[in-house]
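The lines below spell out each chain.
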Amino acid sequence: MKEVTEISSYDATNLVFYVNGKRVEEKDVDPKMTLAAYLRDVLKLTGTKIGCNEGGCGACTVMISHIEDGQIRHFSANSCLMPICGVFGKAVTTVERIGSVAKNRLHPSPRLSNCGFCTPGFVMAMFALLRNTQTPRSLILLGFAGKSVPLPILEAFYSFAVDETGTLKVSEENGCGMGENCCKVKKQNGTTNGTCGSNEVTPGYTGGERKRKIQLSDLSGCKPYDPTQELIFPPELKLHGYESMSFAYNHHHTKWYQPVSYNDLLCLKRELPHARLMSGNSELAIELKFRFIDLPAVINPRQVKELHARHLDGHGVYMGTGMSLTDMDNYSVQLMKELPEEQTGVLKHVHEMLHWFAGIHVRNVASVAGNIATASPISDLNPIWMASNAEVILDSDARGEKKVHIDEKFFLGYRKTVIQPDEIIKAVVVPLTHGNEHFAAYKQAQRREDDIAIVTGAFLVKLDPKGLIVENIRISYGGMAPTTILALKTMEKLKGQKWSQEFLNQALALLSEELKLPAGVPGGMSQYRLSLALSFFFKFFLEVSKKLNLTEIEHVDADVKIGQDVPETLYATQLYQEVNANQPAHDPLGRPIKHVSGDKHTTGEAVYVDDINVADCQHIAFVLSPIAHGTLNSIDYTTALEVDGVIGYLDASDVTTGAKMGHHNDTPVFVKDKITFHGQPIAAIVATDHEIARKAASLVKLDYSVEKPIVTIKQALAAESFIFKHLVIHSSLNDNEQVVKTDWSKYERVVEGEIDMGGQEHFYLETQQCVVIPHEDDELEIIISNQCVNDVQIEVAKCLGMAQHKIQTKVKRIGGGFGGKESTGSILAVPASLAAKKYGKPMKIKFERFDDMAITGTRHPFTLQYKLAVDENGKFIDLDYTAMSNCGHTLDLSMGNEPWSTRDNVYKFANADITGKMCKTNLASNTAFRGFGGPQGMFGTEIMVKHVAEKFGWNHDEIREKNFYEEGDCTPFGMHLNQCNVKRTWDECRVNSDYDRRLEEVNTFNQNNKFRKRGIYLTPTRFGIGFGLKQLNQAGALVLVYTDGSVLVSHGGMEMGQGLHTKILQIAARCLEIPIEKVHIHDTSTDKVPNASATAASVGSDMNGLAVQDACRQIMERLAPFKKLNPDGRWEDWVKSAYVERVSLAASGFGIIHHEPVDFFNGKGAELFGYSVYGTACCEVEIDCLTGDHHLLRTDIVMDVGESLNPAIDIGQIEGAFIQGYGLFTMEEIKIRPDGIRLTRGPGNYKIPSADDAPKHFNVSLLGNSSNKMGIFSSKAIGEPPLFLGSCAFFAIREAVRAYRIQNGNEDYFVFHSPATPERIRMACEDFVTSHVPSLPEEGTYTPWTASV
Ligand SMILES: Cc1cc2nc3c(=O)[nH]c(=O)nc-3n(C[C@H](O)[C@H](O)[C@H](O)COP(=O)(O)OP(=O)(O)OC[C@H]3O[C@@H](n4cnc5c(N)ncnc54)[C@H](O)[C@@H]3O)c2cc1C
Ligand code: FES
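Conventions used here
Residues numbered from 1 in each chain as written. Chains lettered and ligands numbered in written order. Predicted model: local features only at pLDDT ≥ 70, side-chain atom pairs only at ≥ 80, totals over all residues. Heavy atoms only, no water. Helix = DSSP H or I, 4+ residues; strand = E, 2+ residues; numbered from the N terminus. Rg over C-alpha atoms; globule rule 2.2 N^0.38 Å. Buried < 20%, exposed > 50% of the residue type's maximum accessible area, 1.4 Å probe, protein only. Contact = heavy atoms within 4.5 Å. Salt bridge = Lys/Arg side-chain N within 4 Å of Asp/Glu carboxyl O. Near = heavy atom within 4 Å. Polar contact = N/O pair within 3.5 Å; in protein donor to acceptor, adjacent residues only side chain to side chain. Areas by Shrake-Rupley, 256 points an atom, 1.4 Å probe, with all protein chains shown as cover. Nonpolar A, V, L, I, M, F, W, Y, C, P; charged D, E, K, R; others polar. UniProt positions renumbered as here; feature names shortened; annotations may be inferred. 1 Å grid on protein atoms, 1.4 Å probe; cavity = no way out; pocket = protein on both sides within 12 Å on 5 of 7 lines; lining within 4 Å. Points joined across faces, edges and corners; volume = space filled by probe spheres on them. Phe/Tyr/Trp six-rings, centres within 6.5 Å; stacked < 30°, edge-to-face > 60°.

1. What to know about the overall build of the chain
Right, on to step 1. The number of helices and strands found in the chain is 35 helices and 46 strands.
Right, on to step 2. Relative to a compact globule of 1349 residues, whose C-alpha radius of gyration would be 34 Å, the chain shows 31 Å and is just as compact.
Right, on to step 3. Judged by the C-alpha coordinates and their principal axes, the chain covers about 95 × 75 × 70 Å.
Right, on to step 4. Taken over 1349 residues, the chain has a buried fraction of 65%.
Right, on to step 5. In the chain, the share of contacts with a sequence separation of at least 24, taken over all contacts with a separation of at least 6, comes to 77%.

2. Let's talk about the pattern of salt bridges
If charged atoms from side chains of opposite charge come close, those side chains can pair.
Right, on to step 1. This model, assessed by the stated rule, comprises 74 salt bridges.
Right, on to step 2. Here Lys289 and Glu848 are joined by a salt bridge, their closest N and O atoms 3.2 Å apart. A residue pair is termed long-range when its members are at least 10 positions apart, and Lys289 in helix H9 (residues 284–291) and Glu848 in the loop between strand S34 (843–846) and helix H24 (849–855) qualify at 559 residues. In this structure, Lys289 and Glu848 share a single accessibility class: buried.
Right, on to step 3. Of the charged contacts in the structure, one is a salt bridge between Arg997 and Glu1001, with a shortest N-O distance of 2.2 Å. Separated by four residues within a single helix, Arg997 and Glu1001 lie in helix H29 (residues 995–1008), roughly one turn from each other.
Right, on to step 4. Here Arg997 falls in the partly exposed class, since its relative accessible area comes to 32%.
Right, on to step 5. On the basis of relative accessibility, which here comes to 43%, the residue Glu1001 falls in the partly exposed class.

3. Some points on the site of ligand 1
Right, on to step 1. Lining the immediate environment of ligand 1, one finds 29 residues, of which Leu277, Ser279, Gly280, Ser282 and Ser367 sit closest.
Right, on to step 2. Between ligand 1 and Ala358 there is a distance of 3.0 Å, counted from an oxygen atom to a backbone nitrogen or oxygen.
Right, on to step 3. Relative to its unbound accessible surface of 980 Å², ligand 1 loses 92% to contact with the protein.
Right, on to step 4. Sorting the residues of the shell around ligand 1 by element identifies strand S9 (276–277), helix H13 (368–374) and strand S17 (424–430) as the ones contributing at least two each.
Right, on to step 5. With five residues, H13 is the single largest residue contributor to the shell around ligand 1.
Right, on to step 6. Per-class residue counts for the shell around ligand 1 are 12 nonpolar, 10 polar and seven charged.

4. Examining helix H1 (residues 35–42)
Right, on to step 1. In terms of residue burial, H1 counts as a mostly covered element, since six of its eight residues are buried.
Right, on to step 2. The complete set of buried residues in H1 reads Leu35, Ala36, Ala37, Tyr38, Leu39 and Arg40.
Right, on to step 3. Those residues of H1 hidden inside the fold are in contact with strand S1 (15–19), strand S2 (22–26), strand S3 (61–68) and strand S5 (91–93).

5. Remarks on the UniProt feature "binding site: substrate" (unreviewed entry) in the chain
Right, on to step 1. Under the present numbering, the feature "binding site: substrate" (unreviewed entry) in UniProt falls on Glu822 and Phe932. Over a stretch of 111 residues, the named residues converge on one spot in the fold, their C-alpha atoms separated by at most 11.4 Å. Lining residues of the largest cavity drawn from the annotated list: Glu822.
Right, on to step 2. When you line up the elements, Glu822 lands in the loop between strand S33 (807–811) and helix H23 (825–839).
Right, on to step 3. Other than its neighbours up to four places away in sequence, Glu822 contacts Asn786, Gln787, Cys788, Asp791, Leu893, Ala928, Phe932, Phe1027, Ala1094 and Ala1096.
Right, on to step 4. Note that Phe932 resides in the loop between strand S37 (911–920) and helix H26 (934–952).

6. Concerning the UniProt feature "binding site: [2Fe-2S] cluster 2" (unreviewed entry) in the chain
Right, on to step 1. UniProt marks Cys115 and Cys118 with the feature "binding site: [2Fe-2S] cluster 2" (unreviewed entry), using the numbering shown here.
Right, on to step 2. As for its position among the elements, Cys118 is in the loop between helix H2 (95–98) and helix H3 (119–132).
Right, on to step 3. Overall, Cys118 belongs to the buried group, its relative accessible area being 7%.
Right, on to step 4. Not counting the four nearest positions on each side in its chain, Cys118 is found in contact with Ala59 and Leu765.

7. Structural notes on empty space enclosed by the protein
Right, on to step 1. A full pass over the atoms with the stated rule returns eight cavities of 30 Å³ or more.
Right, on to step 2. For the largest cavity, the calculated volume is near 320 Å³.
Right, on to step 3. Taken together, 29 residues line the largest cavity, and the ones lying closest to its centre are Thr667, Ser823, Ser826, Ile827 and Asp892.
Right, on to step 4. Contributing elements (two or more residues each) for the lining of the largest cavity: helix H22 (789–800) and H23.
Right, on to step 5. In the lining of the largest cavity, the residues fall into nine nonpolar, 15 polar and five charged.
Right, on to step 6. Quantified by volume, the second largest cavity comes out at close to 100 Å³.
Right, on to step 7. The wall of the second largest cavity is formed by 15 residues, among which Gln446, Arg447, Asp1189, His1190 and Met1227 lie closest to the centre.
Right, on to step 8. Secondary-structure elements contributing two or more residues to the lining of the second largest cavity are strand S18 (437–445) and helix H33 (1207–1226).
Right, on to step 9. Partitioned by chemical class, the residues of the lining of the second largest cavity number five nonpolar, six polar and four charged.

8. A word on unusual backbone geometry
Right, on to step 1. In this structure, Pro1315 follows Ser1314 across a cis peptide bond, with omega equal to 5 degrees.
Right, on to step 2. Structurally, the position occupied by Pro1315 is in the loop between helix H34 (1287–1303) and helix H35 (1318–1324).
Right, on to step 3. Look at Phe818: it is not a glycine, yet its phi comes out positive at around 55 degrees.
Right, on to step 4. Mapped onto the secondary structure, Phe818 falls in the loop between S33 and H23.

9. What to know about the packing of aromatic side chains
Right, on to step 1. Counted by the stated rule, this structure contains 47 aromatic pairs.
Right, on to step 2. Ring plane angle 40 degrees and centroid distance 6.5 Å describe the contact between Phe503 and Phe537, whose orientation is recorded as tilted. Of the two residues, Phe503 is situated in helix H16 (residues 501–515) and Phe537 in helix H17 (residues 526–547); the sequence distance between them amounts to 34 residues.
Right, on to step 3. Here Phe503 falls in the buried class, since its relative accessible area comes to 1%.

Below, the structure is given as structure tokens:
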């Protein structure tokens, strides 16, 4: 008899699969390697990107095809979770197969891109969807569930969607997202002449007509999808029946077994009881990657047919656990169609729950067995199994099959079950419901889609139909204990009771007693979790009562589901100004041309740092501090250095004594003795491979002593721990020599308050990475993903004691930065340069997302204090405003981040005294982030406006309008506002959004709905453009014209997806009067343009554009004589003539923008910036008052960008900034333990908005007839200004909460901190449910799970 553990006894022992139609046969690959790593590192198919390595971002999506039941099946999967051996006998399609710009072969699915790094993943998701459904309907969103999809990409993908009649859902003919307010509709009604927007004109305006588009991008040139053009499934895989071959693989430390016989599977488990079963690997992949678990033997059971069995039997629905969750969902849906509705109570909720379970790429591979065996206390499915009394069939070779109920005895403890090591889960048997049984399940997470639950509840009740006596009740929860639980005591007491109002009250009281959580419970949110558990039960109670038509039950008619009215597709409109009709056709300026790298983004051919192959490159991984504060005593490298492939290490002893990084020389390269934050680099391991370096770094032993850290702003204030002097602004100094002191006693109306605003992770999709290549003469070439090549050059030179001219730093493009890559480059570049010098080899360092989020800082959390006096008309008289920021352990850019220039937002204060306090804490150094303190400052101001309005019973819109800045007004920091368009954006947004009519509708909705409330809100913004530091407001450029007439432009700005290079090409083409195709940008490099400022502060196109304009002017001046001599000649002729006459065709340009320094130590202002950007947003939301969930229903934005250089890019920036701001103010929450340990370190627990969160009605207008005399070609900057408009959703949510509070008798102003998480929303919605929740003990008497930083 063959030995089942004998590798040679298997049908196949070499790994065979296909990639893009090419056969791959592997004899020596580590089974622990993921498909993503194999594609990138072995096959060099770098189109597949890695953004997180934990299944959370979708950048690594590929399509996998295989034979199942004789049919070819395609599915999308995260290649970062897929073990390489998992693709045995399958065909993998990567983005490289779908199209190529280089080969002039573009597939229809890559229609649009945004920042570019994640785009190949979206393209593959769409491709897989199209391979299965050529005319997808509502599936579009499913394909991107949980992924943060840029709006243009969504818009492009909706262009494939058809409605039931086969008509394209998104088209000009279908009207526009403005609904009844659409100018076309109004024209038909005869209410307008059909032109969009206001006719007011800013002086100097030179543009053309305004144009409203349903799709900004012209997709008419895109080929229709033709499935017959796709690669065929590899005949070899089909002919040889790989799907029924057993496969085993032996590689050094790991053996992989993939049996096809059920018996072999059981025998394997008998022989190797501690071998891990790997079904979908969605759970195990994380353990392997981040916990470095050992895996001597793996058993993949997916090929075993018996595990895919499914049928109905006397006990219920039998589902083999080899099924993927997608298969399980499909089977549930099929049965829901076949069986009477009363029997499908559980199946219906399995189907609904699976919609919110992870994303589709995970569900396509993950199994229910893996979910049960993992025994996560926050599993989505286990509460359903428990409440429905489902059974699992466990099988072992030794004892045979046994059926076990998933009940209170199944889960033994945190992630422990009754399953024995030699057993497998064969199937789950899901009971059918019967006539008088009712079943429901609910989930609430931080984000609706693709997020692990905070609490899941599942309920079953069996009622005697006559007396309504409870014959059976099962109540199960996830998220309320270390395991999924049954509320046994409550169930016991409720059995035999009559279903009535009384019953509800008793149930809530019993549950609140049984489920009570201690204040510092692991996972935190003790009060919210209990509220959710009770609210879910209440929802269940109402739904059952409604079904039974029990009119005597209070609120029985109340609707407790939100989101029903959310449209399935996207209604987006964009309104912009067309260029003047007489602008030459070849002049691209002002036209909505697409991003120059757009096509390459979609095909994966756009190159990022990790895609670059450097010969003999070594890899570096950091050893990070496991504590936030303490002293490092010693480091032991012994075990790490024994790992095969390790070359050496670096630590503080390799750094020149006293050398520190940062503008203020305050950041050690490696910890020498004092540890100052959790995640701080202590040492680095150098190895031949990235994974070897990481693994070895995890083996380095640290000896340290722990000290109490300062983590929060409050703690820093108490300890007077400040990182720098306080910054001040006194508006009275604009007109006086002395600060005018405020006498508060003279005011009748004063509001005073304090509000907190959380930080924000940058979550650029490409993590920080760099390659350093040593060259002759001690030169270093640094290729880095960074926003400031100059800083990297300076820091490396400083720390290595080199001259800057020996260091060339360059950037091709970066996959998002948002400020997070402005000052942080040295953290990687300095150690990599040290290692390159020490070992004389090229070095690569790339942060895993998990480490990136620990090492680098975030947007600053703030506490904002205000005191404001208003007159009887609501005019703002006197303001005292203090902003306290949590800066982390070093100063970094915190000074510039102080929002002293944005406190006022769009309001005039007769007098204002503003102070900024920078708190020093034991956190990673918080840094620049799009908006640079502005959103925080304006948030406090807008809260203050609300406070005034609510305290004195005034209309908040009227208060705003009364206090708006007017032309020529001066800000507290001394800047006079010219071309002040705040009122214009406000008025136009109010009209476009139909705010006044919809406000009435919202009020009516709120009167008619008890537990669903809506809010609508208008939020204005103003943002001053420029760097706070004088010398940063300069830029250089180099323009080279070659003899064939082609032009190479170099400038100091970085392309990070924001379209800077596209705008610069447009500027150069206009200035040189040539078609844009003749101009090229290669990269940004310190050897072409020296001393460039960071691409930040929104001034990339303003400053670099000016420098390019200057260089082009010089070229044009030199060519002028040749044009004159040959007026009918072409550009190429003039260039050639100039060359022949020995006229230089190279010019370096220089540009500066307006700046006057503010004396923020003494508080005296100046004309700091040249101009401001204005905008207004209107948002409407709906909240579920019982759970804190919300939907953003509609957003309208009017933004003043002057005369747009490129409306397509500007509108993309506005949409992106709004969504990023929306995430900041509503869902993104950094979690840090009181001891300073950072918990949020990846997409698994840090949630940014996903495809489902984007408003389905999203209208963006560029303010018409606007000009800017201070900007290049009359344009305005756009990167940062719209971000604050995301707060509009926050304030709309607050309005909805307020409506619920007023309904429940709470009319007073209430403090509502940002972000408006589901927890904050629910806990602010005080009601009869929250009254069952015990108050928290006094602060200081317990350790909370997380600190409020
Ligand atoms: C991005 C992401 C999002 C997620 N979202 C959710 C979510 O919303 N809700 C939720 O509940 N979970 C979620 N999860 C967790 C995880 O996906 C699920 O628990 C999944 O069902 C695990 O199945 P798997 O097949 O991938 O398990 P694997 O990783 O293959 O295995 C997990 C464990 O189960 C054991 N096992 C596997 N098969 C068997 C078997 N037949 N018999 C006995 N033991 C077996 C393995 O040995 C291992 O210990 C998420 C995970 C990721 C990565
Ligand atoms: S890298 Fe695979 S999902 Fe993020």
